[in-house]
Amino acid sequence: MNVSRVRGLLHRQLPSLLPNHPSTQLFTHRLQSHYCRLYRHQSAVLSNPCIHQSFSTQTVMADDNNSNNDPANDGNKKKGSKQRKASKWQAMKKKKKEQKRKKYAAANGETDTATNAKKPKLNMWNKKYDEGSVTPHEGSFAHPEMQKAFDVKIDVGDDFSKGETDVKSNTQNKGENSTESSEAATAVSATEAAPTAEASATSTDAPAPTDTDKVPKRKLAFLVSFLGSNYSGFQINSLTKSLHAEIELGLYRAGLISKSNFGHPNKYSWSNSARTDKGVHAAAQVCSFKGEMIFHHEIDDFSKQLDAMREKVNKCLPDDVRILDFERVTRTFCARTSRDKVRYQYMVPSFFFCSPDETRKAFAVNDADSASPSDKKLTPMEASRLVQDDVSPDVLKAARAELLKYRVSPETLQQLRDGLQLFEGTHSFHNYTRRIGADDASATRYILKFAPLEPVLAPGSDDQPETQWVPVQVTGQSFLLNQIRKMISAAVDHARGVVSSDLVTQSMSKDCRMKVNVAPAQGLFLDRSFFELYNKHKVKNAPKHGNQPELEMLDWVEEDENEMPAAVKRIEEFKNQKIIPHIVREEALEGNFIKYLYAQDVLYAQEIYSLIEDDNDKE
């Protein structure tokens, strides 16, 4: 639409829309300022038909009223309000950018010499350890306090604390010797670089590549199995020995994590599919990070590079932590958010299904000796701690010899199966975790499958007979803290007749607060992590990316129809040769399940499954 047609349209339509105006001359006078505006945009509209300039009649008249009432606006418009606003916005951005740069330089102790120097980006998710600071995470072995607490020694060429002091000393020297010539500074840096290169060459853990042979980085996902008895859990925490910190140290010593990123998980985009508690094992934990392809210049085949990396990392890890497989993933892959569901397995000893009378008989306890509600008010943890004081080692040994003879019957196994099915579906599990109320949305979880497997016999030793165990597998989208262990405790009590089905169903209603015991953590381990949706997207988008062979699917799940992949074979081997025998040996040495049974049926018998009137009483 050209200017002449717009002018004719305005002359014909606006008088009928504005009946309150006194005369046509006044109306024509008000349009004169807008004709100039239309002529300015005429060339742009005609040259580019994609540009659509919408001129509302009400907007035109509103602007006219403002321009007539305030004559100063005409002068401002002539100067160009858009250009003036843009310049102010650019000046404000430049000012904020300069203030941010000065703040960053002051935090690092640098002198304010480079006004246009590019500063590193700040990660607001981990501001404590990333905003202008070289201090590593307090739970990483890169931190000097962690090295002292757990007696971890890092080679001289890879010592982070030494590197940190070198950075600080170099920064101070730059500030003090800022008046020296550039030639002297170049000579000093050349002399300092020579011993550093020699130290890195002698180091066998993480050889530093040259500038010509730069090692590329790729987004990788790896499968890890571990025994969690010697660790405080998987999540990295301050001054505690976690599995994340142990794996990070192994990756660093193998060269997959650079020295500058060691101790800063956000820098190498770390994520894990699940967070296991203290004492919980895993057969197939999945983690993702940005790793350096250390065999890029030595091996051409990409899959062989990953195998060589796996073998090298395992040499830098303890025997209770094993990397089972490496796979390259997309840049946006996250092990936590890309996981669709997860499967846990709990090893239940057969004597767990003994009736309370059989348990008291094994411990030589009469009904009168049991604690009543008026005598003791104990939590399961407090009751477990009192077992050592209340029960002598001889009584505990005799009870173990009596209980290990028990074998689960088919009827009891069917009762267990019925009790586990009560948890399937979407329910509120506020009574099966801690510090979460019924109204909290996070208490609602979805259980896909909860079923027992066939009982297995674990071989015994000279001083202990063989024991029977019942594996129980639960698959869900996600789980709360202690949720699986509390569900196992309730399902076992349902199988041995202690609690009814109605009471278990009532415990999952939002208007009910109930005490549920927690089964020992020693029998629980992470069995599988599923990435079905990610694999479907990989298959769907494979033609778009040229069917890259190095971007394989995460097929770490057993399949009956096809041949079992090599990574799945390693999972089953670690589970059957490491995790399950470790659970059996740990029970023979510590007796955690027998102590739990004593606390369940003797010390805590009257408190279990009791209703809580005060909703503030959250375990």
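Each chain has its residues counted from 1, following the order in which its sequence is written. The model is predicted, so local features are restricted to residues of pLDDT at least 70 and side-chain atom pairs to those at 80 or more, both for listing and for counting; the totals for chains, interfaces and linings are taken over all residues. Based on all heavy atoms of the structure, the side-chain values leave hydrogens and waters out of the count.

Counting from the N terminus, the helices are the DSSP runs of H or I reaching at least four residues and the strands are the DSSP runs of E reaching at least two. When you line up the elements, lysine 341 lands in strand 5 (residues 341-349). By relative accessible area, lysine 341 is classed as buried at 18%. Within the structure, the side chain of lysine 341 is placed 3.4 Å from the side chain of glutamate 532, a separation counted as a polar contact. Setting aside chain neighbours within four positions, we find lysine 341 in contact with Leu448, Thr475, Gly476, Gln477, Ser529, Phe530 and Glu532. Here the term buried applies to any residue with accessible area under 20% of the maximum for its type, exposed to any over 50%, and partly exposed to those in between, with areas from a 1.4 Å probe on protein chains only. Definition of a polar contact: a pair of N or O atoms within 3.5 Å, with one able to donate and the other able to accept a hydrogen when the atoms are protein atoms, and with sequence-neighbouring residues admitted only if both atoms are side-chain atoms. Whether two residues are in contact is decided by their heavy atoms, any of which lying within 4.5 Å being enough.

This brings us to the side chain of asparagine 431. By the element assignment, asparagine 431 lies in the loop between strand 6 (425-428) and strand 7 (444-452). For asparagine 431, a relative accessible area of 2% translates into the label buried. Within the local environment of asparagine 431, its side chain forms a polar contact with the backbone oxygen of serine 507, the two atoms lying 2.6 Å apart. Among the polar contacts made by the side chain of asparagine 431, one reaches the main-chain carbonyl oxygen of cysteine 512 at a distance of 3.1 Å. With residues up to four places along the chain from it excluded, the contact list for asparagine 431 reads Lys486, Ser507, Cys512, Arg513, Met514 and Val516.

What follows concerns helix 20 (residues 566-590). The terminal C-alpha atoms of helix 20, which comprises 25 residues, lie 35 Å apart, in line with the 36 Å expected from a rise of 1.5 Å per residue. Here the bend at a residue means the angle between the axes of two seven-residue stretches, the one that ends at it and the one that starts at it. Largest kink in helix 20: about 35°, centred on lysine 575. Of the residues making up helix 20, those classed as buried are Ala567, Val568, Ile571, Phe574, Lys575, Ile579, His582, Ile583, Val584, Glu586 and Glu587. Residue count minus one, scaled by 1.5 Å, sets the expected span of a helix.

Take the confidence of the model for the chain next. For every residue, the predictor states its confidence as a pLDDT score lying anywhere from 0 to 100. Model confidence for the chain is summarised by a mean pLDDT of 76, while 64% of its residues fall at 70 or above. pLDDT under 50 marks residues 156-212. Its contacts with residues more than four places away, or in other chains, come to 36 contacts. Here residues 370-374 is a poorly scored stretch, pLDDT under 50, and it has nine contacts once near neighbours within four places are set aside; other chains count.

Time to look at the pattern of salt bridges. By definition, a salt bridge exists where a carboxyl oxygen of Asp or Glu is found within 4 Å of a side-chain nitrogen of Lys or Arg. Counted according to the given criterion, the structure contains 10 salt bridges. In this structure, the salt-bridge partner of arginine 343 is aspartate 527, at a minimum N-O distance of 2.7 Å. Highlighted residues: arginine 343 in strand 5 and aspartate 527 in strand 10 (residues 524-530), separated in sequence by 184 residues. Each member of the pair arginine 343 and aspartate 527 is classed as buried. One salt-bridge network, in which partners are shared between bridges, spans Arg343, Asp527, Arg528, Glu572 and Lys575.

A few words now on the nonpolar core. Here the nonpolar core consists of buried residues drawn from Ala, Val, Leu, Ile, Met, Phe, Trp, Tyr and Cys, with membership extended through side-chain atoms lying within 4.5 Å. Counting 123 residues, the largest nonpolar core has Phe222, Leu251, Phe289, Phe326, Phe351 and Phe423 as the members making the most contacts within it. With residues near it in sequence (within four places) discarded, phenylalanine 351 still touches Leu403, Leu404, Tyr406, Glu587, Phe593, Ile594 and Leu597.

Attention now moves to the packing of aromatic side chains. Any Phe, Tyr or Trp ring, taking Trp's six-membered ring, that has another such ring centre within 6.5 Å forms a pair; planes under 30 degrees apart are called stacked, those over 60 apart edge-to-face, and the others tilted. Applying the stated criterion across every chain yields a total of 20 aromatic pairs. Summarising the aromatic geometry, the rings of phenylalanine 423 and phenylalanine 450 are spaced 6.1 Å apart at their centres and angled 55° between planes, so their arrangement reads as tilted. A residue pair is termed long-range when its members are at least 10 positions apart, and phenylalanine 423 in the loop between helix 16 (410-421) and strand 6 and phenylalanine 450 in strand 7 qualify at 27 residues. You'll find phenylalanine 423 and phenylalanine 450 in the same group, each marked buried. By way of ring pairs, the aromatic residues Tyr346, Phe351, Phe352, Trp469, Phe593 and Tyr596 are connected into one cluster. The lysine or arginine in question, lysine 341, covers the ring of phenylalanine 530, its NZ or CZ lying 5.0 Å from the ring centre. Here, a charge over a ring means that NZ of Lys or CZ of Arg falls within 6 Å of the ring centre while also lying within 35 degrees of the ring normal.

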